[in-house]
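An overview of the molecular structure
Next come the chains, spelled out residue by residue.
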Amino acid sequence: MASWVFCIFLIFATLVTFDSVLVYGAGYTVPRAPTVYRPSAWRLAHATFYGDESASSTMGGACGYGNLVTNGYGTNTAAVSSTVFSNGYACGQCYQIKCAQSPWCSKGIATVTATNLCPPNWSKNSNSGGWCNPPRTHFDMAKPAFMQIAQWKAGIVPVMYRRVPCVRKGGLRFSFQGNGYWLLVYVMNVGGAGDIKSMWVKGTKTGWLSMSHNWGASYQAFATLRGQALSFRLTSYTTKQTITAYNVAPANWNLGLTYQAKVNFH
Ligand SMILES: *[C@@H]1O[C@H](CO)[C@@H](O)[C@H](O)[C@H]1NC(C)=O
């Protein structure tokens, strides 16, 4: 008797489970395929290194990321020649670099983020010291990153490089600077293509305000936004995808603080 009841129960339970799966299936809308950044082809360039093993001299830099370790970039970073840097729009892009055709090569591949500019030096020949002079593509890598691909004694090595998607933990990060009438935002921890083309800010009492590119990875709005929760909308430089990060900063936001969104590029 007991086993018969249990049997009925099992059949019933299976039906209910099956039913709910069907209901779930019927109500489930397939999301639009998200834009995913794909790696580029491998190309030829050269790489050198700067700083020492601690990579302390790579902190700061022309992207404005400040302390690269506390801001999540670590020591796998590079200063890129102005041809790559594109006036700061390349900030945050990720590259895989491997040494090619040099006795100094090791087998490793380094994945680095562009965090700095390697400026031209026109007092040096482009093929003898003026490595970052346009139109050269050059990676001046943090020393720990360079040591993953070659012996540092090499000084300079030919490399193969390609753009790869940036794998970041969590959402976009927005670091606030400026003053009461001017909001300067550094955008960090950008996934996917890693770069930003345009940006907008919206306070709870304003519409979407276009922000202009300041330097590196920073964007500015000349507006009084104090006391309002802030949302941001960003367009990727490479993929042109736009995403919106709602209520990133609460109404009592402050300059000097960094706020993290829930969304990111992929
Ligand atoms: C450019 O190269 C010259 C010659 O080596 C050097 O003296 C100078 O400091 C360099 N300038 C910069 C900005 O690195």
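Note that the structure is a prediction, hence the values are computed from the model and not measured.

A separate point is the overall build of the protein. Counting secondary structure elements, the protein contains three helices and 14 strands. For the protein, the proportion of its 266 residues judged to be buried stands at 38%. Look at the contacts in the protein between residues 6 or more apart in sequence, and 70% of them connect residues 24 or more apart.

Taken in spatial order, the six strands close into a barrel running β1-β5-β2-β4-β3-β6, and their pairing is mixed. Pairs of neighbouring strands in the sheet enclose a mean axial angle of 45 degrees, with direction left out of account. Bridge count between strand β1 (residues 43-50) and strand β5 (residues 138-142): five bridges; the pairing is parallel. Opposite T48, over in β5, you have D140 as the bridge partner.

Taken in spatial order, the eight strands make up an open sheet running β13-β12-β9-β10-β11-β8-β7-β14, and their pairing is antiparallel. Every interior strand has two partners, whereas the edge strands, β13 (242-249) and β14 (258-260), have only one. Neighbouring strand axes in the sheet, compared pairwise and without regard to direction, differ in orientation by 30 degrees on average. Bridging between strand β10 (residues 208-213) and strand β11 (residues 218-221) involves two bridges; their strand directions are antiparallel.

By the element assignment, D195 lies in the loop between β8 (182-188) and β9 (198-203). As a C-alpha pair, D195 and T235 span 40 residues in sequence and 8.7 Å in three-dimensional space. Contact partners of D195, with chain neighbours within four places excluded, come to Y89, A90, C91, G92, Q93, V190, S236, Y237 and T238.

Omega for the bond connecting P134 with P135 falls within 30 degrees of zero, at 5 degrees, which places this linkage in the cis form. Inspection of the secondary structure assignment puts P135 in the loop between β4 (109-118) and β5. Its identity is not glycine, yet A55 carries a phi of approximately 60 degrees, on the positive side. By the secondary structure assignment, A55 is in the loop between β1 and β2 (77-81). Residue Q101 is not a glycine yet carries a positive backbone phi of 55 degrees.

With that settled, the discussion passes to the nonpolar core. Core analysis: the biggest nonpolar cluster contains 67 residues, and A78, V80, I97, F139, M141, V159 and V187 have the highest contact counts within it. Counting contributing residues, this core receives three or more from each of domain 1 (43-164) and domain 2 (173-260). Leave out the neighbours within four places in its chain, and V187 touches L172, F174, I196, A217, Y219 and L234.

Our focus in this paragraph is the environment of L183. Inspection of the secondary structure puts L183 in strand β8. Each C-alpha atom, one on L183 and one on M211, is 9.1 Å from the other, the two residues being 28 residues apart in sequence. Filtering out sequence-adjacent residues up to four positions away, L183 remains in contact with F176, G178, V201, Q220, A221, A223 and L225.

Per-residue confidence for the protein averages 90 on the pLDDT scale, and 87% of its residues sit at or above 70. Segment residues 4-29: pLDDT under 50, and zero contacts once partners within four positions in sequence are set aside and those in other chains are kept.

Cut-offs and rules
- Residues numbered from 1 in each chain as written.
- Predicted model: local features only at pLDDT ≥ 70, side-chain atom pairs only at ≥ 80, totals over all residues.
- Helix = DSSP H or I, 4+ residues; strand = E, 2+ residues; numbered from the N terminus.
- Buried ≥ 20, exposed ≤ 12 C-beta atoms within 10 Å, placed from the backbone.
- Contact = placed C-beta atoms within 7 Å.
- Pairing = 2+ DSSP bridges.
- Axes fitted to C-alpha atoms, helices over the stretch in contact; angles between N-to-C directions.
- Core = buried A, V, L, I, M, F, W, Y, C linked by C-beta atoms within 7 Å.
- Domains from an automatic or database assignment.
- pLDDT = per-residue confidence, 0-100.

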